[in-house]
Amino acid sequence: MRPYDAFLLLSFGGPEKREDVIPFLENVTRGRNIPRERLAEVGEHYYLFGGVSPINQQCRDLIAALRTRFEAESAEPLLRLPIYWGNRNWQPYIEDTVARMAKDGVRRVIALATSAFSSYSSHRQYLEDIDRARRAYGPEAPEIDLIRPYFDHPGFIDSFVDTTRTALAELPPDLRTQARLLYSAHSIPVTMAQLSGDPAIDYGSEGAYVAQLSEVARLVTERLAAAQGYELPYELVYQSRSGPPSQPWLEPDINDRLRELAAEGVTAVVVVPHGFVSDHMEVKFDLDVEASQTARDLGIAMTRARCPGTHPAFVAMVGELVAERTRGDPPAGLSRHTSRVHVCPPDCCRKNQPQAAT
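Worth saying up front: this structure is predicted, and the values here are computed from it rather than measured. The residue numbers shown here count from 1 along each chain, following its written sequence. Where totals are concerned, whole chains, interfaces and linings use all residues; where local detail is concerned, this predicted model gives features only for residues with pLDDT of at least 70, and gives and counts side-chain atom pairs only at 80 or more. Only hydrogens and water are removed before side-chain values are computed, so all heavy atoms of the structure are retained for them.

Participant: Honestly, the overall build of the chain in this entry has me stumped. Any pointers?
Facilitator: Think of it this way: any DSSP run of H or I at least four residues long counts as a helix, any run of E at least two long counts as a strand, and we number them from the N terminus. A count of helical and extended segments in the chain gives eleven helices and eight strands. Against the compact-globule benchmark of 21 Å for 358 residues, the chain has a radius of gyration of 20 Å, which places it among compact chains. Each principal axis of the C-alpha atoms in the chain carries an extent, and together these give about 60 × 50 × 40 Å. Within the chain, the fraction of its 358 residues that count as buried is 57%. Sequence separation of 24 or more characterises 80% of the internal contacts of the chain that already satisfy a separation of 6 or more. Each accessible area is a Shrake-Rupley result for a 1.4 Å probe, and residues are judged covered by the shown protein chains and nothing else. If you sum the accessible surface of the chain, you get close to 15,000 Å²; carbon and sulfur atoms cover 49% of it. The charge count treats Lys and Arg as positive and Asp and Glu as negative. His and the chain ends do not count. Lys charges are placed at NZ, Arg charges at CZ, Asp charges at CG and Glu charges at CD. Averaging the locations of the 39 positively and 48 negatively charged side chains of the chain gives two centres separated by 4 Å. Here the globule rule reads 2.2 Å times residues to the power 0.38, and the radius of gyration is calculated from C-alpha atoms. Three exposure classes are used, based on accessible area relative to the maximum for each residue type with a 1.4 Å probe and protein chains only: buried under 20%, partly exposed in between, and exposed over 50%. Contacts are assigned to residue pairs that have any heavy atoms within 4.5 Å of one another.

Pasting the structure below:
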């Protein structure tokens, strides 16, 4: 059994007022030579919501739910951990959180990133964030172990089954049995996708990211179909592309696919943002504003499943992942692509292209 002194929630971060928006976007795109006008264009997405990204409050809500679970009388002693929070791109920065933990006397930390999948930007970069923050503090920085990708953990899958069932019920009754499920995730460069994952696992030519997304879509759809009593067609789509047109990224884009489906006679879709843990800006703008408008223009009825957020199954999953890592139990998962090890190998999810903003 490996004891830990604290739990750390790692996330992307986001602005919390209008004045934060451009500095935040500069942090996200540092070193990528993004034109100022492009930052201003993306900034308009945030201004629609008062300059406030939902992600920070969603982290606070998750922390509150985890504290309730960790501090419950029935909780195992290994779950009774103080909780810290650090972001990659905005306050509270991970460097500041590592310094605070060190000053609080924390020596060993178990960390969870708000990203369930394997890729450079969704997993490997969080390992780099941890290393950078520890180096910045020095040799007295606490040791930090990052929990493995948890895309096929039952708690992650079951939370999406529940929210997708709710979204399906929001469609008119005569459209539910013919609705198409569109599972949406952040697009990333094709080469980054191909290099994602543990080299010891055979994910096929597309890499771990696409294979894992496909498995989640299959698992959720199968469980949903069993509950509903009828089959539903489903497919993968992508969103939030941020690279130059000359660089191949994962496709199809959800808006392009909606246009194709309309031409095929599809009249209803349920969008399931299974590539995300919470309803942050890419979900609120790219799906609830942009894709929703595309669907309306095409005459397609569209509803959206909520992300796990603070769903009880997801909160319980975090506790189970902490216990799993603490005890050294075999990683639990529902697919053949479940991580075999708790610690990613050095050549896992190598960087080959500039990372996507998530």
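Having put the structure on the table, let's press on.
Participant: When you look at the packing of aromatic side chains in this model, what are you seeing that I'm missing?
Facilitator: In this description, an aromatic ring pair is defined by two values, namely the gap between the centres and the angle between the planes. Centre distance within 6.5 Å is the pairing criterion for rings of Phe, Tyr and Trp, where only the six-membered ring of Trp is used; planes under 30 degrees apart are then read as stacked, over 60 as edge-to-face, and the remainder as tilted. For the structure shown, the criterion picks out 13 aromatic pairs. With a centroid separation of 6.1 Å and 75 degrees between ring planes, the pair formed by Phe 117 and Phe 156 is classed as edge-to-face. Of the two residues, Phe 117 sits in the loop between strand 3 (108-113) and helix 5 (120-137) while Phe 156 sits in helix 6 (residues 154-169), which places them 39 residues apart along the sequence. By the burial criterion, Phe 117 is buried, and Phe 156 matches it. Joined through ring pairs, the aromatic side chains of Phe 117, Tyr 150, Phe 151, Phe 156, Phe 160, Tyr 209 and Phe 314 make up one cluster. Whether a charge sits over a ring depends on NZ of Lys or CZ of Arg being within 6 Å of the ring centre and within 35 degrees of the ring normal. Geometry around Tyr 47 places Arg 18 over its ring, the cationic atom sitting 4.2 Å from the centre. Lying across the ring of Tyr 126, Arg 88 places its NZ or CZ 4.0 Å from the centre.

Participant: Before we go on, may I ask you to explain the pattern of salt bridges in this structure?
Facilitator: Side-chain pairing between opposite charges can occur once the charged atoms of the two side chains come close. For this document, the term salt bridge refers to a Lys or Arg side-chain nitrogen within 4 Å of an Asp or Glu carboxyl oxygen. For the coordinates displayed, the defined rule picks out 25 salt bridges. In this structure, Asp 256 and Arg 259 form a salt bridge, with 3.1 Å as the shortest nitrogen-oxygen distance. Taken together, the positions of Asp 256 and Arg 259, both in helix 9 (residues 254-264) and three residues apart, correspond to about one turn of that helix. Owing to a relative accessible area of 41%, Asp 256 belongs among the partly exposed residues under this scheme.

Participant: I'm lost on the sheet that holds strand 1 (residues 6-11) in this one. Help?
Facilitator: Spatially, four strands are ordered 2-1-3-4 in an open sheet, and the strand pairing comes out parallel. Lying at the two open borders of the sheet, with one neighbouring strand each, are strand 2 (83-87) and strand 4 (143-146). Averaged over all neighbouring strand pairs, the angle between strand axes comes to 30 degrees, with direction disregarded. Direction of pairing for strand 1 relative to strand 3: parallel, over a ladder of five bridges. Bridged to Leu 10 within strand 3 is Ala 113. All axes are obtained by fitting lines to C-alpha atoms, using only the stretch in contact for helices, and the reported angles, taken between N-to-C directions, cover 0 to 180 degrees. Seen against the sheet, helix 4 (residues 94-103) touches strand 1, strand 2, strand 3 and strand 4 and runs at an angle of roughly 150 degrees to strand 2. Strands qualify as paired when DSSP identifies two bridges or more between them.

Participant: I'm lost on the environment of His 337 in this one. Help?
Facilitator: Residue placement: His 337 occurs in the segment after helix 11 (312-327). Looking at His 337, the relative accessible area reads 3%, which means it is buried. With 275 residues separating them along the chain, His 337 and Leu 62 place their C-alpha atoms 27 Å apart. Ignoring any residue separated from it by four or fewer positions in sequence, one finds His 337 in contact with Phe 151, Asp 152, Ile 201, Asp 202, Tyr 203, Ala 211 and Glu 215.

Participant: What should I look at first to understand the nonpolar core in this one?
Facilitator: Soluble globular proteins tend to pack their nonpolar side chains together in the buried interior. Counting residues in hydrophobic clusters, the biggest one holds 60 residues, and the most contacted among them are Phe 7, Leu 66, Leu 112, Phe 117, Tyr 150, Phe 156 and Phe 314. In terms of residue count, helix 8 (residues 208-228) provides more of this core than any other element does, eight residues in total. With near-sequence residues (within four places) excluded, Phe 117 lies in contact with Ser 122, His 123, Pro 149, Phe 151, Phe 156, Tyr 209, Gln 212, Leu 213, Val 216, His 274 and Gly 275. The set of buried Ala, Val, Leu, Ile, Met, Phe, Trp, Tyr and Cys residues whose side-chain atoms join them within 4.5 Å is what this entry labels a nonpolar core. Counting 30 residues, the second largest nonpolar core, distinct from the first, contains Leu 8, Phe 12, Phe 24 and Tyr 46.

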